[in-house]
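A closer look at the structure
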Amino acid sequence: MRTYRARAFGSVTQAQLESLAEGVTIEGVHYGSINANLERRTGRNCWIEMSLTEGKNREVRRVLAHLGLQVSRLIRTSYGPFTLAGLEPGGVDEIEAAELAQFRVSLK
């Protein structure tokens with residue numbers, strides 16, 4: 001599971017974002033279930049949190065473009081069990097060997 005925060009230009013409703021839970025096919029490419037929530041609006045921009053299971057190339061940008069939005073900022077906030085919580089901008093954190101081994105097993 002990958003989680004992103006995207007700042008996008010344009011208008012979208014929560015109902016449109018909820019329709020992504022069914023998956024969507026764009027130009028012959030099927031994107032699986034996406035959990036998307038509208039966090040806030042600032043003028044014509046909005047912040048959207050999205051959780052994906054597949055993580056295909058440029059998936060977030062393509063899906064939001066399909067809804068009429070243009071992504072201007074994209075931040076990955078988590079990848080599997082690893083999150084940015086408590087990490088300062090530009091900071092790094094070490095992952096314990098046991099946690100990494102458990103994550104690798106979950107990928108199989």
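Chains are numbered independently. Their residues run from 1 in the order of the written sequence. Confidence filtering applies because this is a predicted model: local features only for residues at pLDDT of at least 70, side-chain atom pairs given and counted only at 80 or more, and all residues used for totals across whole chains, interfaces and linings. Values shown for side chains rest on all heavy atoms present in the structure; no hydrogens or waters enter the calculation.

For the rest of this paragraph, the subject is a negative patch on the surface. A cluster of acidic residues, Asp 93, Glu 94, Glu 96 and Glu 99, forms a negative patch on the protein surface. Put simply, DSSP marks the helices as runs of H or I at least four residues long and the strands as runs of E at least two long, and each gets a number from the N terminus on. Relative to the assigned elements, Glu 99 resides in helix H3 (residues 97-107). For each residue, the accessible area found with a 1.4 Å probe, counting protein chains only, is set against the maximum for its type, and the residue is called buried under 20%, exposed over 50%, and partly exposed in between. Here Glu 99 falls in the partly exposed class, since its relative accessible area comes to 33%. A patch consists of residues exposed above 30% relative accessible area that lack any salt bridge, with like charges linked at up to 9 Å and nonpolar side chains (Val, Leu, Ile, Met, Phe, Trp, Tyr) linked at up to 5 Å. Only the protein chains shown count as cover for residues, and all accessible areas are computed by the Shrake-Rupley method using a 1.4 Å probe. Note on definitions: salt bridges are taken to be side-chain nitrogens of Lys or Arg within 4 Å of carboxyl oxygens of Asp or Glu. The charge count includes Lys and Arg as positive and Asp and Glu as negative, but it does not include His or the ends of the chains. In this description, the location of a charge corresponds to atom NZ of lysine, CZ of arginine, CG of aspartate or CD of glutamate.

When you line up the elements, Thr 3 lands in strand S1 (residues 2-9). Here Thr 3 falls in the buried class, since its relative accessible area comes to 11%. Ignoring sequence-local partners within four residues, the contact set of Thr 3 consists of Glu 49, Met 50, Ser 51, Ile 75, Arg 76, Thr 77 and Ser 78. Residue contacts follow a heavy-atom distance rule, with two residues in contact if any of their heavy atoms lie within 4.5 Å.

Look at Glu 27: it is not a glycine, yet its phi comes out positive at around 50°. With respect to the secondary-structure elements, Glu 27 resides in the loop between strand S2 (24-26) and strand S3 (29-31). The phi angle at Arg 58 is positive, at roughly 60°, despite the residue not being glycine. Mapped onto the fold, Arg 58 is located in the loop between strand S5 (45-52) and helix H2 (59-66).

Right, let's talk about the packing of aromatic side chains for a bit. Any two of the Phe, Tyr and Trp rings considered here, Trp counted by its six-membered ring, make a pair once their centres fall within 6.5 Å; the pair's planes then place it as stacked at under 30 degrees, edge-to-face at over 60, or tilted in between. Within this structure, the stated rule accounts for two aromatic pairs. An angle of 70° between the planes, with centres 5.8 Å apart, marks the rings of Tyr 79 and Phe 103 as edge-to-face. Here Phe 103 lies in helix H3 and Tyr 79 lies in strand S6 (residues 70-79), a separation of 24 residues in the sequence. Since its relative accessible area comes to 29%, Tyr 79 is described here as partly exposed. With 5.0 Å between their ring centres and 75° between their planes, Phe 82 and Phe 103 make a pair best called edge-to-face. Residue Phe 82 is found in strand S7 (residues 82-83), and its partner Phe 103 is found in helix H3; the two are separated by 21 residues along the sequence. The class of Phe 103 is buried, set by a relative accessible area of 13%. Through a chain of ring-to-ring contacts, the aromatic side chains of Tyr 79, Phe 82 and Phe 103 assemble into a single cluster. A cation sits over an aromatic face here: Arg 5 above Trp 47, 4.5 Å from the ring centre. The side chain of Lys 56 reaches across the aromatic face of Tyr 31, ending 5.3 Å from its centre. Only when the NZ atom of a Lys or the CZ atom of an Arg is both within 6 Å of the ring centre and within 35 degrees of the ring normal do we say a charge sits over the ring.

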